[in-house]
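The residues making up each chain are set out below.
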Amino acid sequence: EDSFFIVEAPTTYPGLREEPKATLPAIAMAYINYAVIILLGHLRDLFARIFQRSRYSQSVPPKGYAPLFKSWENFYTRRLYHRIQDCWNRPIDSSPGARIQLVVRESKDGNKSLCVTGERQKMLNLGSYNYLGFADDWQKTCKNDVLPILNDFSVACSTSRADYGTTVVHKKLEELVARFLGKEDAVVFNMGYATNSSVIPVIAGKGTLVVSDTLNHMSIVSGCRASGAHIRVFKHNSASNLESVLREAIVMGMPRSRRPWKKILVMIEGIYSMEGEIADLKTLVQVAKKYKAYIYLDEAHSIGALGKTGRGACEYCGVDTKDVDVLMGTFTKSFGGMGGYISGSKDLCNFLRAQCPAFVFHSSLSPVVAQQVYVALRIIMGEDGTDIGKNKLKRLKDNSNFVRKRLEDMGLHVYGDYNSPIIPVMLYMPGKIAAFSR
């Protein structure tokens, strides 16, 4: 029976699999769907202005005030999002495991607001970061090693890492992360998104060239924009286009002055969070090294999920972590916790401890969460004396490939690569989004 669930991954990965193409009728219907919804929205706004009656009348700014919200975003929220907002922000009344207990809600004003009915509904969880299932078996795998930490520490440190928010738990976690990745040192942060958005401006600035994949996560985009660095993009997962961009940028130099760049950073992800595609890391690293550019690798979705021992895209693609200058990852996916890390040289980590706002000003990662990540990481590494971590990694790979293959067999358009735990299914039409979710 177990062999039924085993699906061998095609040899076209990573990042080289031909994606399914939307048919012309599907594209046409999707555009028509959106056009009708937007047209109806504008008509309702027109009638609201004529008759001075609208359920959104309280959102109109007082006389003499400019609108607080941007016009298109406000229109989208009112006339598109509110129609199907019950498909998001669903409260649950259980652990976020494979099966969850949903709090049922209803609306009496056309979905503008939702109220709880008091009912509960058991559902299958298809939208979780719970890659290795620690949310399902936490009581058995982690509880006994995590809860005793509350005997010595409070839930929060009530200060930043730079003050007295660095505990022995944080230190041992950083040491374990660095050892797991084969790097000199590591720094842990309270939030995965903030790890990128606050670290990138510290290591990139005026005179820096950032070359970013077109499909990089918003946290990378936010960090790059805040850095003040000059930003260029290259075609998704294309080593040849990356080389073209680097060659041109080096030849041309900085705008106006044409002086050489102070440094060049290449930003890529291990697994792209919206597409489920695995980076063609080996080739991209070779190109970056050829032109003496630093590599910044975001492993938010690949650490603890890819590779034979869960060491991420580097292990999976056969790249030595010493060839990647900055390794970033999060603890929200495979580790059943929260927060993020940066791993690299001791000089890099010590610099971040002195300069990074997320370390100097942000509240420290909870000691309880740090202990949870520490325990989960030891399980993944097999240092707990069991093969639980090894089995979890194999189960994730087998489940991901099985689900992806069966969805493709059903005729659905599935993006991404085999062995990736992110499996996007294209629905195209807005009406189907709500129907599928409900």
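Here the residue numbers are simple positions, counted from 1 along each chain's written sequence. Local features are withheld for residues below a pLDDT of 70 in this predicted model, meaning they are given only at 70 or higher, and side-chain atom pairs are given and counted only at 80 or more; totals for whole chains, interfaces and linings count all residues. In computing side-chain properties, one takes all heavy atoms of the structure into account and sets aside hydrogens as well as water.

> Describe the pattern of salt bridges, listing the residues and the values that go with them.
What counts as a salt bridge is simple: a side-chain nitrogen of Lys or Arg found within 4 Å of a carboxyl oxygen of Asp or Glu. As enumerated under the stated definition, the model contains 18 salt bridges in all. Taking the shortest distance from any N to any O, the salt bridge between R78 and D45 comes out at 2.9 Å. A residue pair is termed long-range when its members are at least 10 positions apart, and R78 in helix α2 (residues 71-79) and D45 in helix α1 (residues 24-51) qualify at 33 residues. Just as R78 is buried, D45 falls in that class too. Note on conventions: DSSP H or I runs of at least 4 residues are helices, E runs of at least 2 residues are strands, and numbering of each starts at the N terminus. For every residue, the accessible area (1.4 Å probe, protein chains only) is compared with the maximum for its type, and the residue is labelled buried under 20%, exposed over 50%, or partly exposed between those bounds.

> Explain the sheet that holds strand β4 (residues 208-213) to me, using residue names and the numbers behind them.
Here a strand pair is declared whenever DSSP counts at least two bridges between the two strands. If you trace the seven strands from one edge of the open sheet to the other, you get β3-β9-β8-β7-β6-β4-β5, paired in mixed fashion. Looking at strand neighbours, the two that pair on one side only are β3 (185-189) and β5 (230-234), the edges of this open sheet. Strand-to-strand, the axes of this sheet are offset by a mean angle of 20°, without reference to chain direction. With five bridges connecting them, β4 and β5 associate as parallel partners. Residue V211 lies in a different strand from β5, and its bridge partner there is R232. Contacts are residue-level and defined by heavy atoms, with any inter-residue pair within 4.5 Å sufficient. Only C-alpha atoms enter the line fits that serve as axes; for helices the fit covers just the stretch in contact. Angles between N-to-C directions range over 0 to 180 degrees. The strands touched by helix α6 (residues 192-203) within the sheet are β3, β6 (263-269), β7 (294-298), β8 (326-330) and β9 (340-344), with β7 carrying the most contacts at an inclination of about 170°. In the packing of helix α8 (residues 239-252) onto the sheet, contacts are made with β4, β5 and β6, and the angle to β5 comes to roughly 150°.

> Account for the pairing of β6, with residues named and values stated.
Burial analysis of β6 places six of its seven residues in the buried class, which makes it a mostly covered element. Of the strand pairs in this sheet, β4 and β6 are connected by five bridges, and their pairing is parallel. Within β6, the residue paired with L209 across the bridge is I264. Sheet analysis places β6 next to β7, joined by five bridges and oriented parallel. Looking across to β7, one finds that L265 is bridged to Y294. Seen with its strands pointing away from the viewer, a crossover is right-handed if its path from the first strand over the helix to the second goes clockwise. Handedness of the β6-helix α9 (residues 281-290)-β7 crossover: right-handed.

> Tell me about the packing of helix α3 (residues 134-141) against helix α13 (residues 367-381), residues and numbers included.
In contact at an axis separation of 12 Å, α3 and α13 are set at 90° when each is read in the N-to-C sense. With respect to each other, α3 and α13 are oriented roughly perpendicular. Two secondary-structure elements touch here, α3 through F134, W138 and T141 and α13 through Q372, V375, A376 and I379. Think of it as three bins: nonpolar holds Ala, Val, Leu, Ile, Met, Phe, Trp, Tyr, Cys and Pro, charged holds Asp, Glu, Lys and Arg, and polar takes everything else, Gly as well. For the contact of α3 with α13, the per-class residue count stands at five nonpolar, two polar and no charged. Roughly parallel covers angles under 35 degrees, roughly antiparallel covers those over 145, roughly perpendicular covers 65 to 115, and oblique covers all other angles.

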